[in-house]
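Architecture and fold: a report
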Amino acid sequence: MNKLYTIALLLLAGSVSAQSVFFENFDACNAPSGWTNTATVGSTAWSFGNNAGATYSGTVDGSCMAFINDDELGSGFPALVADLISPVIDLSALDTAQLKFDYIFDDIGTSYFAVALWNGADWDTVFTELTDPGCLGFFPNCGPRFASIDLSNYLIADFQAKFIYDDGNGGWSWWAAIDNVSIYVPPTVDAAVVAAVSPTNGCGLGTETVSFTVYNNGLEPITSVTGSYELNATVETETFSVNIASGETDTVTFAVPVDLSVFGTYDFAAWIEVLGDLDAANDTIWFSSTNIPVISSLPYTQDFETGAGGWISGGTSSTWELGVPAGTLISSANSGVNAWVTNLDGAYATNEQSFVESPCFDFSSLSIDPVFRFAHIFNTENCCDEGYI
């Protein structure tokens, strides 16, 4: 099996159609009227705002939110459980309803995020999140997940929803956040494209399949989807037989692949059409895939004098630039004139979490371990900042 490596130097709100019953986006950046915010264990309750100034800053979707940033409390902080309860909402006149919200959650150990619904006599826990999303932090470094909960058994006059964060009996935990809480009567037919599945970024890509996830936001099952994608002004359209129940998802995969063999970044648009779906706002997504060069011959050297050579930068609030250094501390390159620098003529950004990433390296033919060597210079805040490989 080929062994491919990259070397890195590191320093949605959902669209709701049809009848809206309740919506809260916390954009006032303080506790909304009618909500109850309680620390049931410990003294820490939910906060409202944009989480600015935290070590891991960010939000759910770029605006204010309700959140608990447990990381900021420190490793020795005592146990906490916090409940955020919605106002009383009268659902008694409805035949059906859905609760939908966006959220961020990262887990350490036994912490969890949960949702309970009031049934008129007691609370029913109907949703529990224990898993990590595969990324660390808030938007834009880590995109939100969303949940949709059927309220058909909770159509009462005094309905409430409770959002619960439990840090798992104290110690160091990460965070939970919610935004765009909505209760609505879903349309009969509404399909939404929610995420691209493939192609993803990869080493030495070639002929790749295109697939994405479709969510049934309507009441009726979806049995047929017409999907399309566009790349380089060429459109491919196929019809898929599916069986997607209300509130469920399925992945559609196109029979006709794409050629991504030339190194670089490819920009896709993908969309669906479903008979009877009158909401076009959630039918299209845009995504990119990068074919990363593969280096299989050693020795390898790169001084960036003729360009990036397949190296790329990214991350949150990234200030990495390739060019001629002109800063106070870093005023020249180690050799030649070009170097990768966090801001060629100034300082890196506050709360920056960024990287420079190499091409892929194929070490499968080597009989001894290779050595990675590079020139670097740095000046970071001693208390809080670091760089690593």
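Attention in this report is confined to the structure presented alongside it. (Residues numbered from 1 in each chain as written. Predicted model: local features only at pLDDT ≥ 70, side-chain atom pairs only at ≥ 80, totals over all residues. Heavy atoms only, no water.)

1. So, the packing of aromatic side chains
Throughout the structure, instances matching the rule amount to 27 aromatic pairs. For the pair F146 and Y215, a centre-to-centre distance of 5.3 Å together with 85° between the ring planes defines the contact as edge-to-face. On the criterion of sequence distance, the pair formed by F146 in strand β10 (residues 145-150) and Y215 in strand β16 (residues 211-216) is long-range, its members being 69 residues apart. Look at F146 and you get partly exposed, because its relative accessible area is 27%. Between the aromatic rings of F361 and F363, the centroid separation amounts to 5.9 Å while the plane-to-plane angle is 25°, which identifies the pairing as stacked. Judged by relative accessible area, which is 5%, F361 ranks as buried. By the ring-pair criterion, three or more aromatic residues cluster together here, those being F22, F26, W35, F48, F101, Y103, F113, F127 and F163. The aromatic ring of F146 is capped on one face by K100, whose charged end is 5.0 Å from the ring centroid. (Phe/Tyr/Trp six-rings, centres within 6.5 Å; stacked < 30°, edge-to-face > 60°. Helix = DSSP H or I, 4+ residues; strand = E, 2+ residues; numbered from the N terminus. Buried < 20%, exposed > 50% of the residue type's maximum accessible area, 1.4 Å probe, protein only. Lys NZ or Arg CZ within 6 Å of the ring centre and 35° of its normal.)

2. Quick word on the nonpolar core
Membership of the largest hydrophobic core comes to 38 residues, with the highest contact counts inside it found for W46, L99, F101, F113, F159, F163 and I178. Of all the secondary-structure elements, those providing two or more residues to this core are β5 (65-69), β6 (81-85), β7 (98-106), β8 (112-118), β10, β11 (161-166) and β12 (175-185). Per element, the largest residue contribution to this core is 5 residues, and it comes from β12. In terms of nonpolar packing, the next biggest core, distinct from the first, is built from 24 residues, L205, V225, L231 and Y266 among them. (Core = buried A, V, L, I, M, F, W, Y, C linked by side-chain atoms within 4.5 Å.)

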